[in-house]
Amino acid sequence: MPPERARRRDSIARTPDREELVIKVGVLGARGRMGAEVCRAVAGADGMELVAAVDEGDARDALTAADVVVDFTHPGVVMDNLRWCVEHGLHVVVGTSGFDPSRLDAVRGWQAESSGAGNVLIGPNFGIGAVLMMHFAQKAAPFFESVEVVELHHPKKVDAPSGTAYRTAELIAAARAEAGVPRSPDATTSELDGARGTDVEGVRVHAVRLSGLIAHQEVLLGGHGEVFTIRHDSMNRESFMPGVLLAVRKVAELPDRLTVGIDPLLGL
Ligand SMILES: NC(=O)C1=CN([C@@H]2O[C@H](COP(=O)(O)OP(=O)(O)OC[C@H]3O[C@@H](n4cnc5c(N)ncnc54)[C@H](OP(=O)(O)O)[C@@H]3O)[C@@H](O)[C@H]2O)C=CC1
Ligand SMILES: O=C(O)C1=N[C@H](C(=O)O)C[C@H](O)C1
């Protein structure tokens, strides 16, 4: 990384009077549903400048003008993009889904190998309500015998289950394991393929694809004679923008090279 760029990138993290520093932002997946919304949000945000809007088939070189790159592309291409950004010393905010523990390990490996690597913030969901839904689900999970996750999305979504549902199940599983709560009871011995959803770390996750929907999730927690339902609905893609802009503003200051979720930025 050229020394001048390294100095500027580090100053984003260190400058106490950050309000005066304009953060240069590049967007990957800029012509997509989310990427286009991010471009609009960045262009209209105080203290930010959109310096590169890159989509499939475009050269990534324009992104080197950025301090922070935002990726909303596709689970099949995000790792290649991320590796390129890490190797070019850029801070990255990733909204693209598809991150399992092995992918996170790969990112950590690239950061360890690359001197001057920037910070990476992977946000399974940038909706403030969705982050709270995951947080509350994690808190509630040890108190109920049964828990299942149902995610509901627009039919153009290419991956299932959603990154949000996957992350929610991981958090629930970790909370239950820590509290010593056994797996949810389930007497099923015969089923049509997929009828019981998929198993994410012992938590059943079900995916619905339906015209008219954007992004929705229910966490169902069942106990003795009671059911506690936590539901979140994203009514449009603009709803993700406050979280994305917060992540762009704060990614350089994060204490860890790799962070999953914007929870710490919300004080959770
Ligand atoms: N974290 C969050 O809060 C949210 C996350 N998401 C996630 O964001 C991702 C994108 O969703 P969405 O915007 O709906 O999807 P879209 O398909 O609308 O957008 C993806 C865009 O990325 C482009 N693209 C494909 N390959 C590359 C590449 N190598 N470099 C640059 N651009 C590329 C696509 O081009 P082409 O169409 O030509 O392939 C397309 O324009 C998904 O993983 C989704 O789950 C969505 C909403 C919120
Ligand atoms: O593809 C989408 O639309 C969304 N994807 C993310 C996910 O997979 O969790 C976030 C949100 O659910 C919208």
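Counting starts from 1 at the beginning of each chain's written sequence and moves along it residue by residue. Chain A is the first chain written and ligand 1 is the first ligand written, with later ones labelled in order. Under the rules for a predicted model, residues below a pLDDT of 70 receive no local features and side-chain atom pairs below 80 are neither given nor counted, while totals for whole chains, interfaces and linings still include all residues.

Looking at an unreviewed UniProt entry, one finds the protein named 4-hydroxy-tetrahydrodipicolinate reductase, with Actinomadura vinacea as its source organism. Regarding the protein, the UniProt comment filed under Subunit (unreviewed entry) reads as follows: "Homotetramer." UniProt positions are given in the numbering used here, feature names are shortened, and annotations may be inferred rather than shown by experiment.

The next point concerns the packing of helix α5 (residues 128–140) against helix α6 (residues 163–179). Working convention: axes come from line fits to C-alpha atoms, limited for helices to the stretch in contact. Angles between N-to-C directions cover 0 to 180 degrees. What counts as a helix is a DSSP run of H or I of at least four residues, what counts as a strand is a run of E of at least two, and both are numbered from the N terminus. It is at 8 Å that the axes of α5 and α6 come closest, and there the two elements cross at 25°. By the angle class used here, α5 and α6 are roughly parallel. Considering the relative orientation of α5 and α6, their crossing is right-handed. Residues A130, M134, A137 and Q138 of α5 pack against T164, R167, T168, L171, I172 and A175 of α6. Grouping the constituent residues of the contact of α5 with α6 by class yields six nonpolar, three polar and one charged. If an angle is under 35 degrees, it is roughly parallel; if it is over 145, roughly antiparallel; if it lies from 65 to 115, roughly perpendicular; otherwise it is oblique. Each crossing gets its hand from how the near helix is turned against the far one by less than a right angle, where anticlockwise is left-handed and clockwise is right-handed. Contact between residues is assigned whenever the C-beta positions, reconstructed from backbone atoms, fall within 7 Å. Here the term charged refers only to Asp, Glu, Lys and Arg, the term nonpolar to Ala, Val, Leu, Ile, Met, Phe, Trp, Tyr, Cys and Pro, and the term polar to all other amino acids, Gly among them.

Right, let's talk about the nonpolar core for a bit. In this structure, V25, V27, V70, V93, V244 and V248 are the most contacted members of the largest nonpolar core, which totals 62 residues. Leaving out residues up to four positions away in the same chain, V248 has contacts with I23, V25, M48, V68, V70 and V93. Defined on buried residues, the nonpolar core groups Ala, Val, Leu, Ile, Met, Phe, Trp, Tyr and Cys residues joined through C-beta atoms within 7 Å. Counting other C-beta atoms within 10 Å of a residue's C-beta gives its exposure: the residue is buried at 20 or more, exposed at 12 or fewer, and partly exposed in between, where C-beta atoms are placed from the backbone.

Here the focus is the site of ligand 1. We call a residue near a molecule or strand if the C-beta atom, set from the backbone, is within 6 Å of it. Looking at ligand 1, there are 25 residues lining it, with G29, G32, R33, M34 and G95 nearest. Per-element tally for the shell around ligand 1: the top contributor is helix α2 (residues 33–44), with three residues. Class assignment for the residues of the shell around ligand 1 results in nine nonpolar, 12 polar and four charged.

The five strands lie next to each other as β7-β8-β6-β9-β10, forming an open sheet whose pairing is mixed. Only two strands of the sheet have a single neighbouring strand rather than two, namely β7 (198–200) and β10 (227–234). The average angle at which neighbouring strand axes cross in this sheet is 25°, direction not considered. Where β7 lies against strand β8 (residues 203–209), three bridges are found, and the strand directions are antiparallel. For D199, the partnering residue across the bridge sits in β8 and is R204. Running over the sheet, α5 touches β9 (215–222) and β10 and is turned about 165° from β10. Where α6 meets the sheet, it contacts β6 (146–153), β7, β8 and β9, and its direction lies at approximately 170° from that of β6. Note on pairing: DSSP must find at least two bridges between two strands before they are called paired.

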